[in-house]
Amino acid sequence: MRKIRVGIIGCGSITKHRHFPEYMAHSQAEIVAVCDLNEDRAKGYAEKAGAKVYTSYQELLSDSSIDAVSVNLPNALHAPVSIQALKAGKHVLCEKPMATSIEEANEMIQTAEQEGKTLMIGHNQRFVASHELARNYIKEGKLGRVYSFRTAFGHGGPEGWSADGRDSWFFEKDQAFIGAMGDLGVHKSDLIRYIFDQDVKEVGGFVDTLAKEDASVDDNAVCIVKLMDGTMGTLTASWSHNEFGDNATVIYGEKGVLRLEDDEDYSFIFYPVEGIPEKKDLGKIQTNEEGGQTSSGVIDEFVESLIEDRAPLVTGEEGKKALHIVLAALESSKTKRIISI
Ligand SMILES: NC(=O)c1ccc[n+]([C@@H]2O[C@H](COP(=O)([O-])OP(=O)(O)OC[C@H]3O[C@@H](n4cnc5c(N)ncnc54)[C@H](O)[C@@H]3O)[C@@H](O)[C@H]2O)c1
């Protein structure tokens, strides 16, 4: 079978750590083109993959031999570039948050449908082993009625991650549209919908800039979230969890407590009300530092969904629902009201 011919648009850190190595490792994918405004950055990958270099994504999209693209660009470019790519006949794997508004997200979804192409969003938290197991435990009733949860994603900020360090687009509202809540909060927004297998009903949030003096976007968010069945929890996103990052989720149920990515040795711990604790080391969650889980699962899922001609696990609709939670948190922070979704 012919391999999926992939173009990567944006050759910054997410390409370096996830998309490039994971496409390279996939036996049924082939990177044939890479694009970045910074030509030298793109050239390094092109040499390793034997791919063509572009500095214009429009030119890359006009290459009819490319089947699919990764859109790994600053957030404000996600929707316009994904829509152009879909119209050019490419399947699209777009990084998160998928868009800057529900209108943009809808246009991406509709364009994919009209063109008969796949649109997947890069929400990798679903593919983390502890999260998948937690979802199964809840589905099987091992926690009984779930009452509440807390989930958090925090690190020291994108200056320690972005290819452009302190000068990164991540801090500029016109390119990023949103800060920590969109960068990290959207991951946990997707995760809670996935783990509990239900939608979010209401959101209240404080979304502010406390730590990054020159940023025109938020760097800290603390939200309260209510699910459709009444389960309630907190969702925290931060770019100022300095030195000691957080990626934990704790779930409190009638029959016990689940601690996910909340212990140095065990990624999954279940404390039943009756019986002995179950502790599992399922491999570490991905972090911005070296040593995290090596594969995000996202690229494998994208390539395999194309080969198997099926919908990917994280469709545009799923990405839109995570984005909606983030936008509700912003609106709540601004209006001082609880927002119904
Ligand atoms: N799924 C995850 O866990 C995860 C983690 C980090 C980042 N991301 C997402 O990945 C995307 C990219 O983030 P990053 O961390 O790689 O950023 P980055 O700053 O490291 O890299 C962005 C790259 O895009 C290039 N670029 C900007 N505008 C361009 C244009 N018009 N044409 C071509 N290239 C252009 C820049 O030159 C830079 O090399 C963002 O949406 C981010 O939210 C996802």
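Values in this document were obtained by computation on a predicted structure and should not be read as measured data.

1. Examining the overall build of the protein chain
- Scanning the protein chain from N- to C-terminus turns up ten helices and 15 strands.
- Relative to its length of 341 residues, the protein chain is compact, with a C-alpha radius of gyration of 20 Å against a globular reference of 20 Å.
- If one aligns the C-alpha atoms of the protein chain with their principal axes, the spans along those axes are about 60 × 45 × 40 Å.
- The buried share among the 341 residues of the protein chain stands at 48%.
- Within the protein chain, contacts between residues at least 6 apart in sequence are counted, and of these 68% link residues at least 24 apart.

2. Remarks on the sheet that holds strand 2 (residues 29-35)
- Strand order in the open sheet formed by six strands is 3-2-1-4-5-6, and the pairing between neighbours is parallel. Among the strands making up the open sheet, the edge pair consists of strand 3 (52-54) and strand 6 (119-121). For this sheet the average axis-to-axis angle between neighbouring strands, irrespective of direction, equals 25°.
- When strand 1 (residues 4-9) meets strand 4 (residues 68-71), the two strands line up parallel, connected through four bridges. Residue pairing for strand 4: Val6 is matched across the bridge by Ala68.
- Where helix 1 (residues 13-25) meets the sheet, its contacts fall on strand 1, strand 2 and strand 4, and the angle it forms with strand 1 comes to roughly 170°.

3. Quick notes on the site of the ligand
- As a matter of local geometry, the ligand sits amid 28 residues, with Gly12, Ser13, Glu95, Ser162 and Ala163 nearest to it.
- Here the shell around the ligand takes three residues from helix 1, the largest share from any one element.
- Across the shell around the ligand, the residue classes break down as eleven nonpolar, eleven polar and six charged.
- Both domains that meet at the shell around the ligand, namely domain 1 (4-123) and domain 2 (125-296 + 321-340), each give it at least three residues.

4. Notes on helix 6 (residues 129-139)
- Listed as buried for helix 6 are Ser130, His131, Ala134 and Tyr137. Mapping the buried residues of helix 6 onto a view down its axis gives an arc of 120°, with all of them on the same face. Helix 6 presents Asn136 and Lys139 as exposed residues on the side facing more than 90 degrees away from its buried surface.
- Contacts from the buried residues of helix 6 go to helix 8 (180-196), strand 11 (249-253), strand 12 (256-260) and strand 13 (268-272).
- One or two residues past the end of helix 6 sits Gly141, with phi positive at roughly 85°.

5. A look at unusual backbone geometry
- Cis geometry is found at the peptide bond from Lys96 to Pro97, where omega equals -15°.
- With respect to the element layout, Pro97 can be found in the loop between strand 5 (91-94) and helix 5 (102-115).
- A positive phi angle, near 55°, is found at Asp309, a position not held by glycine.
- Relative to the helices and strands, Asp309 resides in the loop between helix 9 (298-307) and helix 10 (316-335).
- We classify Asp309 as exposed; it has 7 C-beta atoms within 10 Å.
- The phi dihedral of Lys336 is positive, around 60°, even though this residue is not glycine.
- Along the chain, Lys336 turns up in the loop between helix 10 and strand 15 (339-340).

6. Section: the nonpolar core
- Grouped together as the largest cluster of nonpolar side chains are 92 residues, with contacts concentrated most on Val6, Ile9, Val34, Met181, Val326 and Ala329.
- If you tally residues by element for this core, the top one is helix 8, at nine residues.
- Two domains each put at least three residues into this core: domain 1 (4-123) and domain 2 (125-296 + 321-340).
- The residues touching Met181, leaving out its near neighbours within four places in the chain, are Val207, Asp218, Ala221, Ala237, Val326, Ala329 and Leu330.

7. Observations regarding the domain arrangement of the protein chain
- Along its sequence, the protein chain is organised into domain 1 (4-123) and domain 2 (125-296 + 321-340).
- Measuring from the centre of the C-alpha atoms in domain 1 to the corresponding centre in domain 2 gives 26 Å.
- Facing 16 residues of domain 1, the contacting portion of domain 2 comprises 22 residues.
- The element best represented in the side of domain 1 that touches domain 2 is helix 1, accounting for three residues.

8. Let's talk about the pairing of strand 10 (residues 232-238)
- With five of seven residues buried, strand 10 is to be regarded as a mostly interior element.
- Alignment of strand 9 (residues 220-227) against strand 10, held across seven bridges, turns out to be antiparallel. The residue of strand 10 that forms the bridge with Val225 is Gly233.
- Hairpin connection from strand 9 to strand 10: four residues lie between these consecutive antiparallel strands, with Gly230 at a positive phi of about 100°.

9. With respect to the sheet that holds strand 12
- Strand order in the open sheet made by the nine strands is 14-13-12-11-7-10-9-8-15, with mixed pairing throughout. Both edges of this open sheet fall to strand 14 (278-280) and strand 15, since each of them pairs with a single strand only.
- In this structure, strand 13 lies alongside strand 14, joined through three bridges in antiparallel fashion. Bridged to Ile269 within strand 14 is Lys279.
- Packing of helix 6 onto the sheet brings it into contact with strand 7 (146-154), strand 11, strand 12 and strand 13, and relative to strand 12 it is tilted by some 160°.

The rules we used
Residues numbered from 1 in each chain as written. Predicted model: local features only at pLDDT ≥ 70, side-chain atom pairs only at ≥ 80, totals over all residues. Helix = DSSP H or I, 4+ residues; strand = E, 2+ residues; numbered from the N terminus. Rg over C-alpha atoms; globule rule 2.2 N^0.38 Å. Buried ≥ 20, exposed ≤ 12 C-beta atoms within 10 Å, placed from the backbone. Contact = placed C-beta atoms within 7 Å. Pairing = 2+ DSSP bridges. Axes fitted to C-alpha atoms, helices over the stretch in contact; angles between N-to-C directions. Near = placed C-beta within 6 Å. Nonpolar A, V, L, I, M, F, W, Y, C, P; charged D, E, K, R; others polar. Domains from an automatic or database assignment. Arc of directions from axis to C-beta. Core = buried A, V, L, I, M, F, W, Y, C linked by C-beta atoms within 7 Å.

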